[in-house]
Amino acid sequence: MATVADLIHGQKGIIKDFSEHLLPIKLLELGCLPGNSVELVQVAPLNDPIYINLSGSHIAIRRSLAELIELDIIEETQAP
Amino acid sequence: MSKNINVALIGNPNTGKTSVFNQLTGLNQKVGNYPGITVEKKEGICKLPRGVKAHILDLPGTYSLNTTSLDESLVVELLLNKNDKDYPDVAVVISDVENLKRNLFLFTQIKDLKIPTILVINMADRMSRKGISLDVAAMEEKLDTKIALVSTRKRQGIDRLKELIADYKNISSAPNLDAKRISPEYFERLQRTFPNEDLYKLWLVITQDVNFMPIEKKRIQDATDFTTKSKEELKKLQHKETVLRYQFINNTLKETYKVDFLAAKGLRGSLDKLLTHKVFGYLIFFVILLTIFQAIFDWSSYPMDFIDEQFAMASEWVKNTLPPGIFTDLLAEGIIAGIGGIVIFIPQIAFLFLFISLLEESGYMSRVVFLMDRLMRPFGLSGKSIVPLISGTACAIPAVMATRTIENWKERLITILVTPFTTCSARLPVYLILIALVIPKGTFLGLSYQALTLMLLYLIGFGMAIFSAMVLNKILKIKSRSLFMVEMPTYRLPLFKNVAYTVLEKTKSFVFGAGKIILAISIVLWFLGSNGYSDDFKNAEHIVSERIEKDGLSTYSKNYIQNNVASYREAALADGMSATVLQDSITVLTEELKERAIAQEISSYKLEHSYIGQAGKAFEPFVKPLGYDWKIGIAVLTSFAAREVFVGTLATIYSVGSDEEETIKNRMAAELDDEGRPLFNLASGISLMLFYAFAMQCMSTLAIVKRETNSWKWPLFQLGFMSVFAYIVALIAYQLLI
Ligand SMILES: Nc1nc2c(ncn2[C@@H]2O[C@H](COP(=O)(O)OP(=O)(O)OP(=O)(O)O)[C@@H](O)[C@H]2O)c(=O)[nH]1
Ligand SMILES: [Mg+2]
């Protein structure tokens, strides 16, 4: 199962499900809900944290948190 | 006239709450493009149409009413307490047009508390760039509220907002979401137990982890006929609440909010690629830091030399023009010298604030947080700790307050404890004058030794902060789960007005804040330095003349005469003066200089036997091993009130102890120790700099740490640890170098 942590640069995914009891409510409130899209914008040096576009909000979160969010990766759209 | 309307400005971080506040009230609170600029309540008064007045409250940003950090909980605390004097008659939710969906989440929560709520959609000026179009009327209908479309940059929409506030009685206070939909069964029971209370408010009290309302919470737990749910079950319900709210919001926005992505343009993508790049990201950050040092050290030296001379001249002018007497002495030796010791640093302080303010206003600060988080974590710090550590280079007080945005208590505490190690602007005066005195002028790879030393001192401060964080991380046994999350704001061109205002305001408060302490200390020191009770003090003239007759002049005086004569001879020879005339005038000059030297020796003998001299001598044994004489000892001691007092104190002591008007620096350079070597030499200079780098010498910081940690334990720990450490390091440095 892919998670937000598995995204590569510029890749997008649709949130499917997450470990509900682990994920802080705060993240949900920012729009981290099933059906919403996530795009990986940048990865920090040393691979952590990651910078994502969560249905319009640009935020950085740590990898450990990203691993809790499961998603369906949208296969390669046409290169921009 | 009835009482003022209470208005609270609420919204997500960085949506422009403070900008709206400033426009409503005409005040100038700090604005910056970093989520978490405002961490305290700020209030102001706004005049509304028809002679009504409103009391406006600016609050820290929050993403929702579920709070995870201290600054956010302020908002919840206020909204849940109807008895608070600031409890709003009307809430104004400020949202950012680019992030409307997320912003509305908070809006619906506040509306559900049955407070009349106005929606401000800010940053309207960015709509066309981003291809956004809105149907305000339809949105008002759906959200059951009134909307003001505002751009604080363009000063649009503020009048409409004022109208809406004045007319707040006509704003609906009906909720957006019926709380019972979250869990009919649970909320029915809750309602039955507390029939007269607001359900959503009860729900917030139950679910909040923050312990700001223990009594309320206990009341619910104690209600015998009501059993609350387990943490997991509650969380499930919160989850459901979130989904319901977003359903409502999506529904609202579907028909009223359109984005044409093709029309949208922005710098974000390309700039982020560069600024957060694995290599270039750090490189750019490093170059920015280097530029700041260059500015502080190099560019500001011109205005500084100018100021130094002006003060020496002013002091001399006062002495020559005003009738001699105790008041003139106080003015020239105490006050002007002391104030000069602080005014001289204005250019540097201003540069420092300028850069920090630019970093914040442009949106770059969040990128630095992103770059640094992984590197900071092994030390028990968070990426967000970098903001206090950087702004700590200006002053530790706002820096300690800026830690409020750190969600994890342990990371926050460690950041608070180590922040005072970063080189704050109050240390700068001490460093600069010592560097100018003891570090040679040469260059290394195009950088001057002096600039390099300064840079090294900053690195030492920063390194020490990191190192002690690591130690504290090992020692402190605090368990707390962390949720690190930082928003990356869009890049913005810094607004000249905002930056200029911040620089002006901060510099002013530095000068006046420090000025007050320095003035008071200067006057006290001057008094203690010009008076004494011992016979030695009273018979100074006699004793000194006798000693000179017996042993001749002191080394200091001999040097003084020699140097002056030498430079006179050089100048005269260059002018082409004949040898005989030269010989005669030198004889006259030497006589004159000798007289002055004697007067000076009397003054310094007096100083040594004045109150301050005796106190200093008593203290001297403690600082002698570090290479300081009693005068420096006094300066170190008074610096425990505030570091920047150091230079002012020395300036005052030296002007009392001498008859010449000279710049502070020259006077310090001329001081000799018992063996006739310069008192400020490499060993004692380095020892002093290290002492100032590590010692906790700032009352205000201690007070703020007490406030932010809510106990005396931490500030006292800081004071003890830092001062002892500073003493030991300074001792080792001096003994090795001497
Ligand atoms: N383009 C544009 N920028 C704005 C507008 N209003 C505010 N800003 C900018 O948005 C940034 C944030 O403004 P603040 O007023 O500090 O926001 P805040 O909501 O008080 O932020 P916090 O106190 O950190 O929660 C600053 O860089 C402002 O210059 C606007 O109408 N248009
Ligand atoms: Mg603010």
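Residues numbered from 1 in each chain as written. Chains lettered and ligands numbered in written order. Predicted model: local features only at pLDDT ≥ 70, side-chain atom pairs only at ≥ 80, totals over all residues. Heavy atoms only, no water.

Draft legend 1. Structural context of the site of ligand 1. Residues and elements named next belong to chain B. In the vicinity of ligand 1, 26 residues are found, and the nearest of them are Lys17, Thr18, Ser19, Thr38 and Thr152. The backbone of Gly32 places a nitrogen or oxygen atom 3.1 Å from an oxygen atom of ligand 1. Contact distances for ligand 1 include 2.9 Å between an oxygen atom and a side-chain N or O atom of Arg153. When ligand 1 sits alone it has 650 Å² of accessible area, and the protein chains cover 99% of it. (Near = heavy atom within 4 Å. Polar contact = N/O pair within 3.5 Å; in protein donor to acceptor, adjacent residues only side chain to side chain. Areas by Shrake-Rupley, 256 points an atom, 1.4 Å probe, with all protein chains shown as cover.)

Draft legend 2. Expanded view of the environment of B:Phe721. Residues and elements named next belong to chain B. Looking at the secondary structure, you find Phe721 in helix H33 (residues 713–737). Residue Phe721 is classed as partly exposed on the basis of its relative accessible area, which comes to 36%. For the pair formed by Phe721 and Met696, sequence separation is 25 residues and the distance between their alpha carbons is 8.5 Å. Non-local contacts of Phe721, meaning those with residues more than four positions away in its chain, are made with Phe421 and Met464. (Helix = DSSP H or I, 4+ residues; strand = E, 2+ residues; numbered from the N terminus. Buried < 20%, exposed > 50% of the residue type's maximum accessible area, 1.4 Å probe, protein only. Contact = heavy atoms within 4.5 Å.)

Draft legend 3. Just the sheet that holds strand E7 (residues 147–149) of chain B, in detail. Residue and element names in this part refer to chain B. The mixed open sheet is built from six strands, whose spatial order is E2-E3-E1-E4-E5-E7. Looking along the sheet, the strands with just one partner apiece sit at the ends: strand E2 (42–47) and E7. When the angles between neighbouring strand axes are averaged without regard to direction, this sheet yields 25 degrees. (Pairing = 2+ DSSP bridges. Axes fitted to C-alpha atoms, helices over the stretch in contact; angles between N-to-C directions.)

Draft legend 4. Region of interest: the domain arrangement of chain B. Per the domain assignment, the segments making up chain B are domain 1 (3–170), domain 2 (280–476) and domain 3 (536–603). A straight line from the C-alpha centre of domain 1 of chain B to that of domain 3 of chain B covers 73 Å. (Domains from an automatic or database assignment.)

Draft legend 5. Geometry of the environment of B:Leu472. All names here are of chain B. Mapped onto the elements of the fold, Leu472 is located in helix H21 (residues 449–475). For the pair Leu472 and Ala137, spaced 335 residues apart in sequence, the C-alpha to C-alpha distance is 56 Å. Contact partners of Leu472, with chain neighbours within four places excluded, come to Ile414, Leu417, Val418 and Phe717.

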